[in-house]
Amino acid sequence: MQSLMVLRKLLTAKSFPFYPSIVRSLICVSSVLQQIHRPHPQEPPLSPETLLNASDESLVKWVSSILSSSHLDSSQCKKLLPLLSPLEFDRCFQDIGLNVNSKTTLNFFHFASKIYKFRFTVRSYCLLIRLLVSSNLESPARLLLIRLIDGKVPALFANNGHSRHIEIAMTMGDLNLFASSIGIKVVDLLIHVYCTQFKHPGFSFAVDVFSVLANKGVFPSLKTCNFLLTSLVKANELHKSYLVFDAICNGGITPDVYLFSTMINSLCRGARVEYAIELFQRMEKLGTAPNVVTYNNIIHGLCKHGKLDEAFLFKEKMIKHGVNPSLITYSVLINGLINLEKFDDANSMLTEMTEKGFLPNEVVYNTLINGYCKMGNINEALKIRDIMVSQGLRPNVVTLNSLLHGFSMASQMENVEHELEEMLSRGVQINQDAYGSVISWLCLKSKFDSALHFTRDMMLKNLRPNDRLLTTLVSGLCKSGKESDALELWYNLLEKGCAVHTITSNALIHGLCEAGKVQEAKRLLKEMLQRGLVLDKISYNTLILGCCKEGKIEEGFRLKAEMVRRGIRPDIYTYNLLLHGLCNLGKLEEAISLWDECRQNGITPNIYTYGVMMNGYCKANQVEEAETLFSEMLSSEMKLNSVVYNTLIGVYSKNKNLVEAFRLRDDMKSRGIAQTSFTYSSLIHGLCNSGLVDDAYLLIDEMRKEGLFPNVTCYTAVISGYCKLGKMDKVESLLQEMSSHAIHPNKITYTIIINGYCKMGNMKAAASLLSEMDDKGILPDSVTYNVFTNAFCKQEQLEEAFNLCDHMSGRGVYLDEITYTTLIDGLHPSTSASQD
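First, a word on scope: everything that follows refers to the structure included in this document. (Residues numbered from 1 in each chain as written. Predicted model: local features only at pLDDT ≥ 70, side-chain atom pairs only at ≥ 80, totals over all residues. Heavy atoms only, no water.)

**A few points about the overall build of the protein**
And then number 1: Along the backbone of the protein there are 48 helices and two strands.
And then number 2: For the protein, the residues scored as buried account for 48% of the 836 residues in total.
And then number 3: Restricting the contact set of the protein to residue pairs at least 6 apart, pairs at least 24 apart contribute 64%.
And then number 4: Roughly 40700 Å² of accessible area belongs to the protein as shown, and the carbon and sulfur atoms make up 51% of that amount. (Helix = DSSP H or I, 4+ residues; strand = E, 2+ residues; numbered from the N terminus. Buried < 20%, exposed > 50% of the residue type's maximum accessible area, 1.4 Å probe, protein only. Contact = heavy atoms within 4.5 Å. Areas by Shrake-Rupley, 256 points an atom, 1.4 Å probe, with all protein chains shown as cover.)

Given below as C-alpha cells:
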C-alpha cells in the first residue's frame, strides 16, 4: 500500500523526471546492508620473507606480465601464488584494470583456485566479470557470475557468504561501473541472471539487487528495466513491480511505452484500475503515445471489474487516436459482455469484429460457449460450437470443460458421454481433468462399462487417472459384478508403469472378497508383495474378513501371522474379525485365548469386541460370563450401544428371565440408547413363550409409538403365541392388521398358522392357507408339509397323508426323516401308543 501511495504522488508530479522522494520499503535489503562489513575479510599476514622478496610495484608488474600474456604460464603462476595474498592480488588487479588478456586472466583464476585453493576476493571476481563483458565474452561472464552467486567458487565473502547477492551488488556499484557502457552491460547481466537463473526466491533477489544499485545511482538499460518489470508482473509479484517502477522513475530514466504498458497491466491485475487510468493520463501528458497493448491492458482491467462503459470509451478513444483495435481488444470486450450476461451485445461485437476482418479464434468462441453454459443455455452453446467447427476451428479441452458445466446446469449430463466420444473422434486432445470429470459422472450414474472404456482410452494416451477416481471405478465395477474387469484394470495400470495406490488395491481386494472370490483376492495380495507394492492393515483385514465369512478361520489366522512377519501390527479390527469368526463357529475356548492375547498385546477392546464375546458366551449358554463382560463395560464407563443390550435381552428372553430382560430394557431407555426392532422382537418372543401373549401384543403398539415399525418377525411371534393357546380368532385379526400395514406373512408365519389349525382339526382352513401360499408364490417346505402329514396321520387319514407326500415329491420337496417317522407311526398306531 505504501508503494501505491508513492506511485500516487509520482502520478501527480508536474514535470518529468519524477522528483518526489521514494520511501524505500525493502527493509530486508537495508538490514542486510548493515550486517555486511565494508572491509575485506581478514587473512593471515604475509611472512617477513614474503615482505622482503616482493614489493608492491614488483607484484603489480609480475601479475601484469602473467595476465597480459596470450597464454597462461603455469610455471610463473606456481612461483607467484605462494608469495601472493588475496588482498594483494585484488590491489594489483584493480591497478592493472582492463589492460590484460581476458582469456588468460580467466584461466589464471581457474588455475589458482583449483590447484592452490586460492580464494579471490568478491571484488576480484567482479573485476573479472567486467573484463569478460568488455571483451564480448558474455557466456563465460554469465557462467562465472552464476557460480559466484551459487557459492561454487572459492571467494572471500563477508559474514561467511550470507546474503551473497547483496554483497555482489554492492561491490558492482562501488566499482563505478555506470560511468561507461560496459558498466551498464554488467548491470544488465546481473539483473538478467537473477530473473532467469534464480527464480526460486520469488524474484526477491533480483529486486534486492536492483534496489542496492539504484541507491548508488546505478541502473540497468531501459530494455533490462522492461525485462525485470515484465518478469515481476508475470510472476504476480505486483507489489515488487510497484517498487521497481517507482525507483526507475525517480532514477531519472524516462519510461517508454513498453514500460508504461507493463506497469498499467500490473496495476489492473492488482485491482488498482483507477491508478492505471491515472498513469495512462500521465503517460499521455509526457508525450508518450499509448499503443494497442496499452489500450488492451486498460480495457481488460476495466472489463474484469465490470466497468464495461468505461472500457468502451477507451475503445472509442483508441480509434480516435488512430490506434486500431486488435483481436485481443475484441476478445476482451466480448468476454466482459458475456460475464455481465449481455449476450446480444456480445454477438453484435462478434459481428463488428468479423466485419473489421478479424476472424474469431478458439478463445473468442470458447468465451461465448462458456458464457452460455454458465447460464445453463446449453442449446445456444452447442450452436456456437457448431459455428466454430464450420469455421475450421477445432474445439479443444476448454470447449469440452465448458460444455460439461453446461450439460450439468441444464440437467443433461446424459449427453456428456456422446460429447466426449465426438471430440475424441475429431482428434481433440483431452486432458486428464476433462477425462476425470466425465468418468466421475459416469461412475456416479453407475455406468461403469462406459467409465471403464474412457479410462482405458485415457491410459492409451499415457494419462493416468487419479487415485480417487480409480478407487471409485474399481469399487463400482466390483459392486456391479465385474470383478474381472476391475482386476484387468489393476494389471493394466501396473503394465503401464503406473503406481497403484494401496487404497485402490484394497478396494479391489474388498470387491473380490465380497463376491466370494477370496482365493483370487489372496493371489492379488501375493502379486502386490512380489511387485513391491505397499500393503497395510486394511489389505490384510479385508482378506481376513473374507476368510471368516467363508468359515475359513485357519486361513484368517495364517494371514494374521503373515501381517506380523511383515512388520504390520494387527489392530483391534483384526482381532474383532477373528473373534467373530471363532464365535460363529462355536469355538469359544479359542476365542477366549485370542481375547487374552489381544489384551496382552496392549490393544484395548472396543464395544464391538465386547459385543462379539458376549454373543459368543450367550450362544454357549454361559450367561454369567456375558454378564461379567457387561459389568466390566459399565465400570469402565465405556459408551454402550443397543447391540450389547440386545445380546443380553435376547438370551434373558429366550430363558424366560423376563424380569432381567425388561430391567435391561428400562436401563437402555434411561441411558438414552434407542431401542431397536431386535429389542422388541426378543421381548415379544419371551412373553409369548411364557404365555403372556396379550402383553406381547401391547409391545407392538408401543413399537409404533417409539417410531419403530413392527416387522413380520414380531407379528409371527405373537401369532405363534395365540396359536399355542388355540385363539385362532386372534390370529385372523392379526393377519388383517398385518395386511393393513402392508406386512406380508412369510413361510414361517403360514406354517405356524397351518399348524394351529391342524391341531384344532380344522384341515379345511389349513388347506386354504396352503393354497394361499401357492397363490402368493411362497413355496412350502418340508416343515409345512410335515405339519399336514402329522395331522392326517393323527386323524388316521393315511391315504391323504401319502397323497400329500406324492404332492411333495412332485414339487421337488424331499421327504425328510420326520416325514418318514410320522408315516411309520401312522401305519403302526398301536406300536406308537404302546411306546408312549
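**Notes on the packing of helix H44 (residues 763-775) against helix H45 (residues 782-794)**
And then number 1: As a packed pair, H44 and H45 sit with axes 12 Å apart at the nearest point and diverge in direction by 160 degrees. The pairing of H44 with H45 is recorded here as roughly antiparallel in orientation. Handedness of the H44/H45 crossing: left-handed. On H45, the residues touching Met763, Ala766, Ala767, Leu770 and Met773 of H44 are Thr784, Tyr785, Phe788, Ala791 and Phe792.
And then number 2: Here the contact of H44 with H45 is built from residues that sort into nine nonpolar, one polar and no charged. (Axes fitted to C-alpha atoms, helices over the stretch in contact; angles between N-to-C directions. Parallel < 35°, antiparallel > 145°, perpendicular 65-115°, else oblique. Left-handed = near helix turned anticlockwise from the far one by under 90°. Nonpolar A, V, L, I, M, F, W, Y, C, P; charged D, E, K, R; others polar.)

**Concerning unusual backbone geometry**
And then number 1: Here the phi dihedral of Ser446 falls at roughly 60 degrees; this positive angle occurs in a residue that is not glycine.
And then number 2: Positive phi, normally seen in glycine, also occurs at Lys656, with a value near 60 degrees.

**As for the packing of aromatic side chains**
And then number 1: Using the criterion set out here, one finds 22 aromatic pairs in the structure.
And then number 2: Ring plane angle 85 degrees and centroid distance 6.3 Å describe the contact between Tyr194 and Phe205, whose orientation is recorded as edge-to-face. One end of the pair, Tyr194, is in helix H11 (residues 181-197); the other, Phe205, is in helix H12 (residues 204-215), with eleven residues separating them in the sequence.
And then number 3: Tyr194 sits in the buried class, given a relative accessible area of 0%.
And then number 4: Residue classification places Phe205 among the partly exposed positions, given a relative accessible area of 27%.
And then number 5: Aromatic rings pair up to connect Phe89, Phe93, Phe108, Phe109, Phe118, Phe120 and Tyr125 into one cluster.
And then number 6: The ring of Phe157 has Arg164 sitting right over it, with the charged end atom 6.0 Å from the ring centre. (Phe/Tyr/Trp six-rings, centres within 6.5 Å; stacked < 30°, edge-to-face > 60°. Lys NZ or Arg CZ within 6 Å of the ring centre and 35° of its normal.)

**Regarding the packing of helix H17 (residues 292-304) against helix H19 (residues 327-339)**
And then number 1: Look at H17 against H19: their axes get within 9 Å of each other, and the N-to-C directions meet at 5 degrees. The pairing of H17 with H19 is recorded here as roughly parallel in orientation. Contact with H17, carried on its side by Val292, Asn296, Ile299, His300 and Cys303, involves Ile328, Thr329, Val332, Leu333 and Gly336 of H19 and no other residues of that element.

**Observations concerning the nonpolar core**
And then number 1: Core analysis: the largest hydrophobic core is formed by 260 residues, its most contacted members being Phe89, Ile168 and Ile684.
And then number 2: Considering every element that reaches this core, the biggest residue donor is helix H8 (residues 122-134), with nine residues.
And then number 3: When residues no more than four places from it in sequence are discounted, the contact partners of Ile168 are Val122, Cys126, Leu145, Leu148, Ile149, Phe157, Leu190 and Tyr194. (Core = buried A, V, L, I, M, F, W, Y, C linked by side-chain atoms within 4.5 Å.)

**Focus: the environment of Val389**
And then number 1: Relative to the helices and strands, Val389 is located in helix H22 (residues 378-390).
And then number 2: For the pair Val389 and Glu362, spaced 27 residues apart in sequence, the C-alpha to C-alpha distance is 9.9 Å.
And then number 3: Dropping the residues within four chain positions of it, Val389 is found in contact with Pro395 and Arg426.

**Here's the deal with helix H35 (residues 607-619)**
And then number 1: Compared with the 18 Å implied by 1.5 Å per residue over 13 residues, the 18 Å span of H35 between its first and last C-alpha is a close match.
And then number 2: Within the span of H35, buried status applies to Thr609, Tyr610, Gly611, Val612, Met613, Met614, Gly616, Tyr617 and Cys618.
And then number 3: Check the buried side of H35 and you find it contacts helix H33 (572-584), helix H34 (588-600), helix H36 (623-635) and helix H37 (642-654).
And then number 4: Measuring from the side-chain oxygen of the N-cap residue of H35 to the backbone nitrogen of Tyr608 gives 3.1 Å; that N-cap residue is Asn606.
And then number 5: Phi turns positive one or two residues past the end of H35, at Asn621, with a value near 60 degrees. (Expected span 1.5 Å × (residues − 1). Polar contact = N/O pair within 3.5 Å; in protein donor to acceptor, adjacent residues only side chain to side chain.)

**Let's talk about the pattern of salt bridges**
And then number 1: Tallied over the entire structure, the rule returns 29 salt bridges.
And then number 2: Linking Glu483 and Lys517 is a salt bridge whose minimum nitrogen-to-oxygen distance equals 3.2 Å. Residue Glu483 is found in helix H28 (residues 483-495), and its partner Lys517 is found in the loop between helix H29 (502-514) and helix H30 (518-530); the two are separated by 34 residues along the sequence.
And then number 3: Of the charged contacts, one joins Arg704 and Glu737 as a salt bridge, the two residues approaching to 3.8 Å between their closest N and O atoms. Of this pair, Arg704 sits in helix H40 (residues 693-705) while Glu737 sits in helix H42 (residues 728-740); the two residues are 33 residues apart in sequence, bridging distant segments of the chain.
And then number 4: Through salt bridges with shared partners, a single network forms among Lys522, Glu555 and Arg558. (Salt bridge = Lys/Arg side-chain N within 4 Å of Asp/Glu carboxyl O.)

**With respect to a positive patch on the surface**
And then number 1: Taken together, the side chains of Lys656, Lys724, Lys759 and Lys794 make up a positively charged region of the molecular surface.
And then number 2: Topologically, Lys759 is positioned in helix H43 (residues 747-759). (Patch = residues over 30% accessible without salt bridge, like charges linked within 9 Å, V, L, I, M, F, W, Y side chains within 5 Å. Lys, Arg positive; Asp, Glu negative; His and termini not counted. Charge placed at Lys NZ, Arg CZ, Asp CG, Glu CD.)

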